[in-house]
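Structural features, examined
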Amino acid sequence: MNLEELKENLQDNALGRGLLWSASKLYGMGAWFHRTMYESGWKTAQTVNSRVVCIGNITAGGTGKTTAVLLAATALAKEGVRVAIVSRGYKRQQKAEGPLVLFDNPDADWRMAGDEPFMMSRVLAQYKVPIVICPDRAEGAKEALRRFKSQIILLDDGLQHHRLERDANIILVDAKNPFGNKQLLPYGILREPLSALKRANLIVLTHCDLVSPRQLEDVKDEIRLYNDTVEILESVHSPEYYFDICQSKKVDLSMIKGPAACFCALGHPESFENTLEKLGLELKQKWRFPDHQFYTEENLRTFEETRGNLPLVTTFKDFVKFPDNWREILTKDVYVLSVNLKIRGGQGEMDKFTDMLYPNFSQLKNRR
C-alpha cells in the first residue's frame, strides 16, 4: 500500500481523519519553525553572485512546475542568457557525493538525478542548459556559478528551501484544485499555509482551460486575500506533437486518433488522460502509477501483452524511467506526448513572466 492509498483509507473514518489532522498540525509546526529560523535571523540564508529565481508551489504535486521551469529556461537560453537549473532530485534512487551536474553527458543515469531533472536535461540539451542536482540548493547554486558562470539560476521547486536567498518567487497554482481542503499535509495538499502566497512576486495559474471564467476569478479573489498586489498570469498546457520512440521521429497530433492505451506516473494522471481524449483518442486501457514510479520489464510486458495492438501513449517523464532493454519489449506504436506551458494573453503577458525571470528581458529580446 502506497502513501496515497493509506491516506484515502484513513479519510474513510473519523479516527483516521483525526490522525491525519493531528499529523498535519505537527507538519505545520515543523514548517513554521524552519521558516522562522531564517525570517528571524537565527539562521542566515546564503547569497550567490547571480540572480536567483524560484519556481515552486505551496501544494503537493500537479501544478505543472516542470513545464514552467522548461518554459523559463528555454526563453532565457534562446536569448543568450546563461541559465542553470538547480534541483534537489526528488526521489532519485542513487545518491551522489556532492552536486551532480547534468550537462553534455548523454550516458547519465536518471536514477542518480531523479526523473524530472533527467527529463529536463534531455529536453534542454539543445540549449546547453546545465542542471545541478543537490539537496542543498546553496551548494548547487555555487557549483553552477563555478562551472558555468550562470547569470540566472532557476530553483526547481525550492519555495520551502530557505537556505538560499532568492531575488524572486514565482508560485504556480493549479486552477482546477488550487488549495484542496486548505489543510496542510498529510490531511490536505498544502505544504504551507495560504499566507505563504504573500512571498510571491508573480503567480501563474495553470490548467486555466479546464475551468470556467467564474472559477478563475474565484481563485484570483482568494489569492488576493493574501497578496493583493501580485500580478496573476493565466496559462495552459498545450500539446505540441507525439514522439514515436520506436522510430525516433516526431508525429503530428492529427495522425493518431481513435482507440488507444496510455499509462503514466504523475501527480494528477487525469489531466494527462483528459488531454489525450481532447486530442481525439478513445482510451480503451489506462494504467496509473504513483508519482515518480519507475518501470520494470514486467510493467512493459504487461502493457505490450494487454494493449491489443493499440497505440500506447505516455509522457516524457515516464519514458526516461524505462528499463535499458525496453526496445526488446516495445517494438512499435509507442508515443510520448510533448506538452508545453503557454502563458495566455499574448506577448505582453509573456513579457511579464520573462521580465520577472530577468529584469528588462523583453528589452533584451527587442534589441536582437
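The text that follows walks through the structure, step by step, so that each part is easy to find. (Residues numbered from 1 in each chain as written. Predicted model: local features only at pLDDT ≥ 70, side-chain atom pairs only at ≥ 80, totals over all residues. Heavy atoms only, no water.)

**Topic: the pattern of salt bridges**
Applying the stated rule across the entire model yields 27 salt bridges. One salt bridge in this structure joins Arg35 and Glu192, with 3.5 Å as the shortest N-O distance. With Arg35 in helix 2 (residues 14-39) and Glu192 in the loop between strand 6 (168-174) and strand 7 (202-206), this residue pair connects regions lying 157 residues apart in the sequence. With respect to class, Arg35 is no different from Glu192; both count as buried. Within the structure, one salt-bridge network assembled from shared partners comprises Lys65, Glu116, Asp156, Asp291 and Lys317. (Salt bridge = Lys/Arg side-chain N within 4 Å of Asp/Glu carboxyl O. Helix = DSSP H or I, 4+ residues; strand = E, 2+ residues; numbered from the N terminus. Buried < 20%, exposed > 50% of the residue type's maximum accessible area, 1.4 Å probe, protein only.)

**Some words on a nonpolar patch on the surface**
Taken together, the side chains of Trp32, Phe33 and Trp42 make up a nonpolar region of the molecular surface, amounting to roughly 420 Å² of accessible area. Summarising the element assignment, Trp32 is placed in helix 2. (Patch = residues over 30% accessible without salt bridge, like charges linked within 9 Å, V, L, I, M, F, W, Y side chains within 5 Å. Areas by Shrake-Rupley, 256 points an atom, 1.4 Å probe, with all protein chains shown as cover.)

**Some words on the packing of aromatic side chains**
For the structure on display, the rule yields 15 aromatic pairs. Ring geometry for Trp287 and Phe303: centres 4.9 Å apart, planes at 50°, overall tilted. Taken together, the positions of Trp287 in strand 11 (residues 281-288) and Phe303 in helix 9 (residues 297-306) put the pair 16 residues apart, joining distant regions of the chain. Pair check on accessibility: Trp287 and Phe303 agree, each one buried. Their ring planes at 65° and their centres at 6.0 Å tell us that Phe322 and Trp326 sit as a pair that is edge-to-face. (Phe/Tyr/Trp six-rings, centres within 6.5 Å; stacked < 30°, edge-to-face > 60°.)

**A short note on the side chain of Ser24**
Checked against the element boundaries, Ser24 lands in helix 2. Those residues within four positions of Ser24 in sequence are excluded, and the remaining contacts are Leu184, Leu185, Pro186 and Tyr187. (Contact = heavy atoms within 4.5 Å.)

**Some words on the packing of helix 3 (residues 65-78) against helix 5 (residues 115-123)**
For the pair helix 3 and helix 5, the least separation of the axes is 11 Å and the interaxial angle reads 30°. In this view, helix 3 runs roughly parallel relative to helix 5, as classed from their interaxial angle. For the pair helix 3 and helix 5, the crossing hand works out as right-handed. Contacts from Lys65, Thr66, Val69 and Leu70 of helix 3 reach helix 5 at Glu116, Met119, Met120 and Val123. Its residues placed into classes, the contact of helix 3 with helix 5 shows five nonpolar, one polar and two charged. (Axes fitted to C-alpha atoms, helices over the stretch in contact; angles between N-to-C directions. Parallel < 35°, antiparallel > 145°, perpendicular 65-115°, else oblique. Left-handed = near helix turned anticlockwise from the far one by under 90°. Nonpolar A, V, L, I, M, F, W, Y, C, P; charged D, E, K, R; others polar.)

**Some points on empty space enclosed by the protein**
In this structure the tally under the stated criterion is one cavity of 30 Å³ or more. If you go around the largest cavity, the residues you meet are Thr59, Gly61, Gly62, Thr63, Asp174, Asn177, Ile189 and His268. Here the residues of the lining of the largest cavity sort into one nonpolar, six polar and one charged. (1 Å grid on protein atoms, 1.4 Å probe; cavity = no way out; pocket = protein on both sides within 12 Å on 5 of 7 lines; lining within 4 Å. Points joined across faces, edges and corners; volume = space filled by probe spheres on them.)

**Describing the packing of helix 3 against helix 11 (residues 347-357)**
Running from N to C, helix 3 and helix 11 point in directions that differ by 80°, and their axes come no closer than 10 Å. Classified by the angle between their axes, helix 3 and helix 11 sit roughly perpendicular to one another. Mapping the contact onto sequence places Ala68, Leu71, Ala72, Ala75 and Leu76 in helix 3 and Met350, Phe353, Thr354 and Leu357 in helix 11. Classifying every residue of the contact of helix 3 with helix 11 by side-chain character gives eight nonpolar, one polar and no charged.

**A short note on the environment of His292**
Residue placement: His292 occurs in the loop between strand 11 and helix 9. We classify His292 as buried; its relative accessible area is 12%. Counting along the chain gives 29 residues from His292 to Lys321, while the straight-line C-alpha distance between them is 8.9 Å. Filtering out sequence-adjacent residues up to four positions away, His292 remains in contact with Tyr90, Lys91, Asp115, Glu116, Ala265, Lys317 and Lys321. Within polar-contact distance, the side chain of His292 engages the side chain of Asp115 at 3.0 Å. (Polar contact = N/O pair within 3.5 Å; in protein donor to acceptor, adjacent residues only side chain to side chain.)

**What to know about the pairing of strand 6**
Among the seven residues that make up strand 6, seven are buried, leaving the element largely enclosed by the rest of the structure. Residue alternation in strand 6 divides its side chains into two sets, Ala168, Ile170, Leu172 and Asp174 and Asn169, Ile171 and Val173, and both sets are buried. Across four bridges, the pairing between strand 1 (residues 51-56) and strand 6 is parallel. Bridged to Gly56 within strand 6 is Ile171. Pairing analysis gives five bridges linking strand 6 to strand 7, with the strands arranged parallel. (Pairing = 2+ DSSP bridges.)

**Here we look at the environment of Ile85**
Relative to the assigned elements, Ile85 resides in strand 2 (residues 83-87). Between the C-alpha atom of Ile85 and that of Leu300, which follows or precedes it by 215 residues, the distance is 31 Å. In contact with Ile85, other than residues within four places in its own chain, are Val69, Ala73, Met120, Leu124, Val129, Pro130, Ile131, Val132, Leu154 and Asp156.

**With respect to the layout of surface pockets**
Computed from the structure, the second largest pocket encloses a volume of approximately 300 Å³. Residue lining of the second largest pocket: 15 residues in total, with Phe118, Phe319, Val320, Phe322 and Trp326 positioned closest to the centre. In the lining of the second largest pocket, the residues fall into 10 nonpolar, no polar and five charged.

**Considerations on helix 7 (residues 213-224)**
Compared with an ideal rise of 1.5 Å per residue, which puts 12 residues at 16 Å, helix 7 spans 17 Å between its outermost C-alpha atoms and is within 8% of the ideal. Every buried residue of helix 7 is accounted for by Leu216, Val219, Lys220, Glu222 and Ile223. All buried residues of helix 7 lie within an arc of 160° about the axis, which places them on one face of the element. Buried residues along helix 7 sit in contact with strand 6, strand 7 and strand 8 (231-244). (Expected span 1.5 Å × (residues − 1). Arc of directions from axis to C-beta.)

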